Amino acid sequence: MTAALDPTGFRRRRTVCCERNGGVLCGHVGIDEPLDRTGGLRSQRLAMTGLNVTQKLIGAHLVDGVMTPGEEIGLRIDQTLTQDATGTMVMLELEALGLDRVRTRTSVQYVDHNLLQTDERNMADHLFLRSACHRFGVWYSRPGNGVSHPTHMQRFGVPGASMVGSDSHTCAAGSLGMLAVGVGGLEVAMAMAGQPLYLTMPEIWGVSLTGTLPPWVSAKDVILEMLRRHGVEGGVGRIIEYHGPGLAALSAMDRHVIANMGAELGATTSVFPADEQVRAFLAAEGRAGDFAEILPDLGARYNVREEIDLSVLEPLISAPTSPGNVVPVRQVAGEDVHQVVIGSSANPGLRDFAIVAAILAGRQAHPQVSVDVNPTSREILADLTRMGPPST
């Protein structure tokens, strides 16, 4: 099976199969589905019903195998993401492959991951990566534009698209209704060369969110609650799909925070529906035309089910020395800290900065504490500048 395009740019009919009630159910996906410039589907009409969002995303990109957990599948990849710590090896692998131009719809190289640029090697990497982007037809994000995950979400993320990245937190793009997987450099290079991504079909873990978050509880506490319950290996061999009425009050950036740290659970990726919150986010970014609604069908089934009542969560924290060592903040209140880092690929949202600013308003950090603030994108920096210092 292939994902060939006809001359009009529409995907032809393709039959895919998934496991259902102990058997295998087959149907048609991608029937005359127009593709946008970045690989997302303009619509998500699927002949099969009762599917969750993950099955729709996988089915729309399936080129080999069936959607049965444990079976090998091959997926067509629309987008790739690389960053300064891993992109150099990917570009060298493209050279070794003898590739002239990338075959993906969108490939982007970012260079703001390495915050500690202590010698000339970072500069040399940037020069090499920029020249490689020109050679292979890859978008180059200049230094200062921002860390890959939030910047890609703001500029290139498209509901319905598939993406691989040479960074474990590539899964953050699932916040927009994308199928995004962090893989090794060679796998990214092969995807850029037009080859499918082969992986073992994961179980789909449906997490129903109900209620609303209490004051001082954030989206970070949702993923920390998952880590508290299941540890750093709880998501191995699974894709986590969040659904339920609690999603209505979680913004696209809230979802980014949750999807990002699915990597710490060991999950293949995390997926959210593309709903009104995603529509609002893309509209605010001036990309309303990239939106495509992708929702689970009524009666969608999952291999594993779980529920989190957001209204009963409390502030949580991962204590040393593992992301899975989660305890309530009240339990460690009064413990000495020596360094606080605000802003990273896992803490990218405006809220992450604004809350700390509100706490520190009119105060100074303790002399023994180093406070390091790293705005995660040029857009976030501009927003913080416009907001000015918080009122006391």
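As shown above, the structure is provided for reference.
Computed from a prediction, not measured in an experiment: that's the story for all the values here.

(A) Here's a closer look at the sheet that holds strand 15 (residues 269-271). An order of 15-14-13-16 is seen for the four strands of this open sheet, with the pairing classed as parallel. If you trace the sheet from one side to the other, it starts and ends with strand 15 and strand 16 (304-309), each paired once. Strand-to-strand, the axes of this sheet are offset by a mean angle of 25°, without reference to chain direction. Pairing geometry for strand 13 (residues 203-210) and strand 14 (residues 238-243), over six bridges, is parallel. Directly across from Ile204, in strand 14, lies its bridge partner Ile239. In the packing of helix 1 (residues 53-61) onto the sheet, the strands contacted are strand 13, strand 14 and strand 15, and the crossing angle to strand 14 comes to about 125°.

(B) Unusual backbone geometry, seen in detail. Cis geometry marks the peptide bond from Pro320 to Thr321; its omega dihedral reads 10°. Here Thr321 lies in the loop between strand 17 (316-318) and strand 18 (326-328).

(C) View of the environment of Phe136. Relative to the elements of secondary structure, Phe136 occurs in helix 3 (residues 121-136). Judged by its relative accessible area of 1%, Phe136 is buried. Through-space distance from the C-alpha of Phe136 to that of Met192 is 9.4 Å; in sequence the pair is 56 residues apart. Leaving out residues up to four positions away in the same chain, Phe136 has contacts with Met91, Leu94, Glu95, Leu99, Asp100, Arg101 and Val102.

(D) Summary view of the sheet that holds strand 6 (residues 72-75). Within the open sheet, the three strands sit side by side as 5-6-12. Their pairing is antiparallel. Each edge of the open sheet is held by one strand with a lone partner, namely strand 5 (62-64) and strand 12 (197-200). Between one strand axis and the next, the sheet turns by 40° as a mean value, whatever way the strands run. Of the strands in this sheet, strand 5 and strand 6 are in contact with helix 1, which crosses strand 5 at around 55°.

(E) The arrangement of the environment of Ala263 in detail. Mapped onto the elements, Ala263 comes out in the loop between helix 7 (252-260) and strand 15. Judged by its relative accessible area of 22%, Ala263 falls in the partly exposed class. As a C-alpha pair, Ala263 and Ala172 span 91 residues in sequence and 8.8 Å in three-dimensional space. Not counting the four nearest positions on each side in its chain, Ala263 is found in contact with Ser168, His169 and Cys171.

(F) Layout of the packing of helix 6 (residues 219-230) against helix 7. Here helix 6 crosses helix 7 at 25°, and the two axes come no closer than 8 Å. Taken as axis vectors, helix 6 and helix 7 run roughly parallel relative to one another. When the axes of helix 6 and helix 7 are compared, the crossing they make is right-handed. Residues Ala219, Lys220, Val222 and Ile223 of helix 6 pack against Asp254, Val257 and Ile258 of helix 7. Broken down by class, the residue content of the contact of helix 6 with helix 7 amounts to five nonpolar, no polar and two charged.

(G) Layout of the side chain of Gln83. Along the chain, the position of Gln83 falls in the loop between strand 7 (79-82) and helix 2 (87-97). When neighbours within four sequence positions are excluded, Gln83 is seen to be in contact with Gln109, Tyr110, His113, Ser148, Ser166 and Asp167.

(H) Representation of the packing of helix 2 against helix 5 (residues 185-192) in the model. Put simply, helix 2 and helix 5 touch, their axes get as near as 9 Å, and they point 50° apart. Of the possible angle classes, the one that applies to helix 2 and helix 5 is oblique. In the crossing of helix 2 with helix 5, the sense of the turn from one axis to the other is right-handed. Between helix 2 and helix 5, the residues in contact are Val90, Glu93, Leu94 and Leu97 and Gly185, Leu186, Val188, Ala189, Met190 and Met192, respectively.

(I) Looking closely at the pattern of salt bridges. Across all of its chains, the model carries 16 salt bridges by this definition. Its salt-bridge partner being Asp119, residue Arg121 comes within 2.7 Å of it at the nearest N-O pair. Exposure remark for Arg121: the relative accessible area of 57% places this residue in the exposed category. For Arg229, the salt bridge is made with Glu306, and the minimal N-O distance between the two is 2.7 Å. Pair noted here: Arg229 is in helix 6 and Glu306 is in strand 16, with a separation of 77 residues, a long-range link. Look at Glu306 and you get buried, because its relative accessible area is 15%. Salt bridges sharing common partners tie together Glu225, Arg228, Arg229 and Glu306.

(J) The pairing of strand 6, seen in detail. As defined by bridge partners, strand 5 adjoins strand 6 across two bridges and the pair is classed as antiparallel. For Asp64, the partnering residue across the bridge sits in strand 6 and is Gly74. As paired strands, strand 6 and strand 12 are joined by four bridges and run antiparallel to one another. From the neighbouring strand, Gly74 faces strand 12, where its bridge partner is Tyr198.

Analysis parameters
Residues numbered from 1 in each chain as written. Predicted model: local features only at pLDDT ≥ 70, side-chain atom pairs only at ≥ 80, totals over all residues. Heavy atoms only, no water. Pairing = 2+ DSSP bridges. Helix = DSSP H or I, 4+ residues; strand = E, 2+ residues; numbered from the N terminus. Axes fitted to C-alpha atoms, helices over the stretch in contact; angles between N-to-C directions. Contact = heavy atoms within 4.5 Å. Buried < 20%, exposed > 50% of the residue type's maximum accessible area, 1.4 Å probe, protein only. Parallel < 35°, antiparallel > 145°, perpendicular 65-115°, else oblique. Left-handed = near helix turned anticlockwise from the far one by under 90°. Nonpolar A, V, L, I, M, F, W, Y, C, P; charged D, E, K, R; others polar. Salt bridge = Lys/Arg side-chain N within 4 Å of Asp/Glu carboxyl O.

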